[in-house]
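Take a look at the letters that make up each chain.
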Amino acid sequence: MTHETSPDPDRTPLVRPLRTPGPLGPWIWNTRWIPGFLLAQVAVMLPFAEKTPSAYQGVPGGLGALLSVTAAIVCGPIAGALVSIVGGLVFVPLVADWQRGSQFSIFLWLIAAVGAGVISGRLRQSDVDRAEAITRERLAANRLHRLQAITESLAGAMTPEVVAQATIAAATAALGADAAGLTVRSDDDPHTLRVLAASTSDDGLAGWRLHPIDTPVAGAEIVRTGRPIFIETRHELLARFPLVKKIEKDERFGGLAGVPVALGSEVLGALSLGFHRDHMVPPEERGLLLSMAHQAAIALHRIRSGEDERRARATAEHAEDRLRKLQAVSDAANAASGLDELVERVLPVVRDAVMAHGTSFLLLSDDGKELRIKGRVGVEEEEAGDTAIPLGAGASGRIAATGRHLVIPELTAEDVISRALKKRRSYVGVPVRVGGRVAGVLHASSRDPGAFEEDDADFLQSIADLLAVTIERTRSFDQRDRMATALERALLPMSLPHVPGFEIATMYRPSRFGDDVGGDFYDVFGEGNVWYLAIGDVCGKGPEAAAIMGMTRIALRSLAREDDARPLPEVLELLNGFLLDSELMGERFCTVCVARLELSDGGATVTACLGGHPPPLLVRADGSLGTIGKPGSLLGLFADVSLHETRAELGRGDSIALFTDGVTEVSVEHPDEGESVLRSTLIAAATEDAAGIVKTVERTLLEPRGELRDDAALVVAKRL
């Protein structure tokens, strides 16, 4: 039996070399000692010559048997049998003379021959077993040491390339290979294999760094089948994989060993070893190679799982960040009073969210033929401009025409129409749909090529949908506002008449809270020396309240002018009856204040009557302030009402102010606060003309409140 010398000095040989070669090696050794045992046996027997058998019985045979067993132990079972036979042949003619009793010695020699063979055979087998056990133990310890070393090395590996390099280095040293490589499935395409590491030079590996899984090479076949490959000769290697000739360079390959890098039933790749000679890998070394491949699979799976976890965490953080920004856009959309404010708030958020250099929002014109810039962020002054983009032209025009988003990694001259995109390289844009039709385009741009992906377009589309809701709401609000304003103006005086000796100024501020037309009204009418100032508030909002407002104003004007001498309480009683007869009132009611100005050569008087309305304020020229009128019943609820009139003189510079509660509704928690502010404001503006008084009240009480919760009306008459 031949023995291959291992290239690794630390490796233990698999079989202990024998001292004597040949087929009788296990049964004979130290043959040079056999003559000595024969002579010793003859020497022991000579003292018993010429003696009768009864004198020594079986002693010579016992001594001969002892020498035979000793020879068998020292020289082997055949040697022991030979000594016994020769001793018997010598003993018979020299000592026994075939006399009575010699059969005992002969019998002992025969027993010694058989026993010597059995004992020495057992001892020899025990020695061989012990040697093989020691060899296996050393080999197992060596494999364990190598596995521990590669496990420790792979435990600290942070990339697949480091895992591959450590694995092929350990496998090459353990099996004495001349070349090695580790191949895995590509992350992008499972049907493509990627060489993570190889012992060959990068120049020779360049063409094979990536190759299809059906390539006729050992690594690809191992990955496809999940089975190891062991090839002992070059002839077998080339017959199975002819492509090896293209891979090898100066050195030719003979033997090959390859095992799958697998974790359970999942094959991650293949570990391949090449030998520049014909070589058979022993079974125990094949097991070592499989163990190394399994450790590599564990390390690769750990790294891949860590990468997957990091990618998942990054994706989750990215999604959470986008969600926060989307929520910020939603909050801005809800808080914005109009589209301009919304665009101003949203575009910076969009730019930061997609890491763009600029963002723009373009709105489609009313005729649907071109896009115009509604807002932009990140555009320098020299890049700005109100360039109109025709429908279908450029990137934004195509989005508006097709209604589909665009992600452009590299902008071309055909894509760029607006000057804001002249210095940009990449672009992402989405349509803004209102009512199912494209109303505009939201886009972002970058100075870097390939800056945007499909998920950026998805995010922009979410923003665009919020913009669409706001656009639709704004347009609806504008339309309602125009309708409400037109209706209110139609029901209010188109112009104020000239009242001799007085300045007249009015103010009407409708509430847009709820976007319904209100029920406040005012009126100034009369002729000659008798003029009327009227103001009122119909309960509620909406078309019904507006209709009652117009009906009340017209009815009051008709009833008052019917007879200028009629007492004002009678006028309001008639108005109350008119409202009760109206089918529009339902459960509604209204408050009315009417003041009659009567002019004479000597001065002017004012008479006021209140139908559930706040009393007018009198502002004297000297800055003092008072009220005129006595509280009366609400109109439109009951047939029996209590109404009174109060008269006062108006001197030069005196003013009278009629108002609705929308003027003084500063705080719901403190309803009297607004009237107190109104009083102090009127006193402060006592020296101003009527228009100045109205403007001062607006500036002090209304403008700080922004959107009014209720309509506000004010009529000021100042005597000249």
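Here we summarise the structure given alongside this text. (Residues numbered from 1 in each chain as written. Predicted model: local features only at pLDDT ≥ 70, side-chain atom pairs only at ≥ 80, totals over all residues. Heavy atoms only, no water.)

Brief notes about the overall build of the chain
We apply this condition: For the purposes of this entry, the term helix denotes a DSSP run of H or I that reaches at least four residues, the term strand denotes a run of E that reaches at least two, and both are numbered from the N terminus. For the exposure calls, accessible area comes from a 1.4 Å probe over protein chains only, and a residue counts as buried if that area is under 20% of its type's maximum, exposed if over 50%, partly exposed in between. Should any heavy atoms of two residues lie within 4.5 Å, those residues are counted as being in contact. Note that accessible areas follow from Shrake-Rupley with a 1.4 Å probe, and for residues the cover is restricted to the protein chains shown.
When its secondary structure is counted, the chain shows 19 helices and 22 strands. In the chain, buried positions account for 46% of the 720 residues. Taking the contacts inside the chain whose residues are at least 6 apart along the sequence as the reference set, 64% of them involve residues at least 24 apart. For the chain, the accessible area works out to roughly 36000 Å², and carbon and sulfur atoms hold 55% of it.

So, the pattern of salt bridges
Under the convention used in this document: Put simply, a salt bridge is a Lys or Arg side-chain nitrogen that is within 4 Å of an Asp or Glu carboxyl oxygen.
By the definition in use, this model includes 18 salt bridges. The shortest N-O distance in the salt bridge between Arg 304 and Glu 266 comes to 3.0 Å. With Arg 304 in helix H11 (residues 283-335) and Glu 266 in strand S6 (residues 266-274), this pair connects stretches of sequence that are 38 residues apart. Glu 527 is paired through a salt bridge with Arg 561; the nearest N and O atoms lie 2.9 Å apart. Separated by 34 residues along the polypeptide, Glu 527 in strand S14 (residues 520-527) and Arg 561 in helix H15 (residues 543-562) bring together distant segments of the chain. One connected set of salt bridges, linked through shared partners, spans Asp 523, Arg 553 and Arg 557.

Concerning the sheet that holds strand S7 (residues 358-364)
The condition that has to hold: Here, any two strands with at least 2 DSSP bridges between them count as paired. Each axis is a line fitted through C-alpha atoms, taken for helices only over the stretch in contact, and angles between the N-to-C directions span 0 to 180 degrees.
The six strands lie next to each other as S9-S8-S7-S12-S11-S10, forming an open sheet whose pairing is antiparallel. Each end of this open sheet is capped by a strand with a single partner; those strands are strand S9 (389-390) and strand S10 (406-408). Relative to strand S8 (residues 370-377), S7 is paired through six bridges, and the arrangement is antiparallel. For Leu 364, the partnering residue across the bridge sits in S8 and is Leu 371. Of the strands in this sheet, S7, S8, S9, S10, strand S11 (426-434) and strand S12 (437-446) touch helix H13 (residues 394-402), which is tilted by about 30° from S11.

Comments concerning the environment of Leu 342
Along the chain, the position of Leu 342 falls in helix H12 (residues 339-353). When the C-alpha positions of Leu 342 and Leu 467 are compared, they lie 7.9 Å apart, and in sequence the two are 125 residues distant.

Re the sheet that holds strand S16 (residues 590-599)
Strand order in the open sheet formed by five strands is S14-S15-S16-S17-S20, and the pairing between neighbours is antiparallel. With partners counted over all chains shown, the strands left at the sheet margins are S14 and strand S20 (645-650), one partner each. On average, adjacent strands in this sheet sit at an angle of 15° to one another, irrespective of strand direction. When S16 meets strand S17 (residues 604-611), the two strands line up antiparallel, connected through seven bridges.

What to know about the nonpolar core
The cut-off we apply is this: What we call a nonpolar core is a set of buried Ala, Val, Leu, Ile, Met, Phe, Trp, Tyr and Cys residues that are connected through their side-chain atoms within 4.5 Å.
Counting residues in each nonpolar core, the largest one holds 34 residues, and the members touching the most others are Val 163, Leu 182, Val 261, Leu 271, Leu 273, Leu 289 and Leu 300. With residues up to four places along the chain from it excluded, the contact list for Val 261 reads Leu 182, Glu 266, Val 267, Leu 268, Gly 269, Ala 270, Leu 271, Ala 293, Ala 296, Ala 297 and Leu 300.

A closer look at unusual backbone geometry
If you check the backbone angles, Met 355 has positive phi at about 55° while not being a glycine. In this fold, Met 355 is placed in the loop between H12 and S7.

Description of a negative patch on the surface
Spelled out, the test is: Patch membership requires over 30% relative accessible area and the absence of a salt bridge. Like charges are linked within 9 Å, and nonpolar side chains (Val, Leu, Ile, Met, Phe, Trp, Tyr) within 5 Å. Counting rule for charge: Lys and Arg are taken as positive, Asp and Glu as negative, and neither His nor the chain ends is counted. We put the charge of a Lys on NZ, of an Arg on CZ, of an Asp on CG and of a Glu on CD.
Where like charges cluster on the molecular surface, the negative patch consists of Glu 453, Glu 454, Asp 455 and Asp 458. Looking at where Asp 458 falls in the secondary structure, it is placed in helix H14 (residues 454-491).

Quick look at helix H6 (residues 160-175)
Here is the rule we go by: The length a helix should cover is 1.5 Å for every residue beyond the first.
Counted at 1.5 Å a residue, the expected span for H6 with its 16 residues is 22 Å, and the 22 Å between its end C-alpha atoms agrees. Every buried residue belonging to H6 is among Pro 160, Val 163, Ala 164, Ala 166, Thr 167, Ile 168, Ala 170, Ala 171, Ala 174 and Leu 175, and all of these are buried.

Re the pairing of strand S15 (residues 530-538)
For a regular strand, the rule is simple: side chains alternate between the two faces of the sheet. In terms of burial, S15 is largely enclosed, as nine of its nine residues are buried. Burial along S15 is two-sided: Val 530, Tyr 532, Ala 534, Gly 536 and Val 538 facing one way and Trp 531, Leu 533, Ile 535 and Asp 537 facing the other are all buried. As defined by bridge partners, S14 adjoins S15 across eight bridges and the pair is classed as antiparallel. Among the inter-strand pairings, Asp 520 is bridged to a residue of S15, identified as Asp 537. In this antiparallel pair of consecutive strands, S14 and S15, the connection spans two residues, and Gly 528 shows a positive phi of 65°. Note that S15 and S16 share nine bridges and pair antiparallel. By the bridge assignment, Asp 537 is partnered in S16 with Thr 591.

Comments concerning the side chain of Asp 523
As a reminder of what qualifies: Polar contact criterion, stated in full: a pair of N or O atoms within 3.5 Å, where within protein one must be able to donate a hydrogen and the other to accept it, and residues adjacent in sequence count only if both atoms are side-chain atoms.
In this structure, Asp 523 sits in strand S14. Separated by 3.5 Å, the side chains of Asp 523 and Arg 553 make a polar contact. The contacts of Asp 523, once residues within four sequence positions are left out, are Pro 493, Tyr 532, Leu 533, Ala 534, Arg 553 and Arg 557.

Some details on the environment of Glu 232
For Glu 232, the position within the fold is in the loop between strand S4 (229-231) and helix H9 (234-240). For the pair Glu 232 and Val 281, spaced 49 residues apart in the sequence, the C-alpha separation amounts to 7.7 Å. Every residue in contact with Glu 232, bar those within four places of it in the chain, is listed here: Gly 254, Gly 255, Asp 278, His 279, Met 280 and Arg 286.

Some words on the pairing of strand S1 (residues 179-185)
Here S1 lies mainly inside the structure; six of its seven residues are buried. As paired strands, S1 and S6 are joined by six bridges and run antiparallel to one another. Its bridge partner lying in S6, Ala 179 is registered against Gly 274. Counted along the chain from S1 to the antiparallel partner strand S2 (residues 192-198), the turn is six residues long.

Digging into the packing of aromatic side chains
Filter applied, for reference: Ring pairs are drawn from Phe, Tyr and Trp, using the six-membered ring of Trp, whenever the two centres fall within 6.5 Å, and their geometry is named by plane angle: stacked under 30 degrees, edge-to-face over 60, tilted for the rest. Geometrically, a charge over a ring is one whose NZ (Lys) or CZ (Arg) sits within 6 Å of the ring centre while staying within 35 degrees of the ring normal.
Tallied over the full model, the rule gives one aromatic pair. Ring geometry for Phe 525 and Tyr 532: centres 5.1 Å apart, planes at 20°, overall stacked. For the pair Phe 525 and Tyr 532, a shared accessibility class is recorded, and that class is buried. Cation over ring: Arg 286 sits above Phe 230, and NZ or CZ is 4.3 Å from the ring centre.

What about the environment of Thr 151?
Looking at the element boundaries, Thr 151 is found in helix H5 (residues 102-155). Take Thr 151: its relative accessible area is 32%, and that puts it in the partly exposed class. Each C-alpha atom of the pair Thr 151 and Thr 167 lies 9.4 Å from the other, and the pair is 16 residues apart in sequence.

Re the side chain of Thr 552
Relative to the helices and strands, Thr 552 resides in helix H15. Setting aside residues up to four positions removed in sequence, Thr 552 forms contacts with Phe 521, Leu 575, Leu 579, Cys 590 and Val 592.

Quick word on the state of the cysteines
What counts here: When two cysteine sulfur atoms are found within 2.5 Å, that pair is recorded as a disulfide.
This model, assessed by the stated rule, comprises zero disulfides. Cys 539 takes part in no disulfide bond, and the closest cysteine sulfur, belonging to Cys 590, lies 9.7 Å away. Classification of Cys 539 as partly exposed rests on a relative accessible area of 30%. Take Cys 593: it sits in no disulfide, and the sulfur closest to it among the cysteines is that of Cys 609, at 8.3 Å.

Focus: a nonpolar patch on the surface
Together, Leu 634, Leu 637 and Phe 638 make up an exposed nonpolar region whose accessible area comes to about 260 Å². Secondary-structure assignment places Leu 637 in the loop between strand S19 (625-627) and S20.

Details of the packing of H15 against helix H16 (residues 568-581)
Heads up, the condition is: Under this scheme an angle from 65 to 115 degrees is roughly perpendicular, one under 35 degrees roughly parallel, and one over 145 degrees roughly antiparallel; angles in between are oblique. Whether a crossing is left-handed or right-handed is set by the direction in which the near helix is turned from the far one by less than a right angle, anticlockwise for left-handed and clockwise for right-handed. Charged means Asp, Glu, Lys or Arg here, nonpolar means Ala, Val, Leu, Ile, Met, Phe, Trp, Tyr, Cys or Pro, and polar covers whatever is left, Gly included.
The N-to-C vectors of H15 and H16 enclose an angle of 140°; their axes lie 10 Å apart at closest approach. The angle between H15 and H16 falls in the class oblique. In this structure, the crossing between H15 and H16 has a hand that is right-handed. Listed contacts from H16 to Met 551, Thr 552, Ala 555, Leu 556, Leu 559 and Ala 560 of H15 are Val 571, Leu 572, Leu 574, Leu 575, Phe 578 and Leu 579. Residue composition of the contact of H15 with H16, grouped by class: eleven nonpolar, one polar and no charged.

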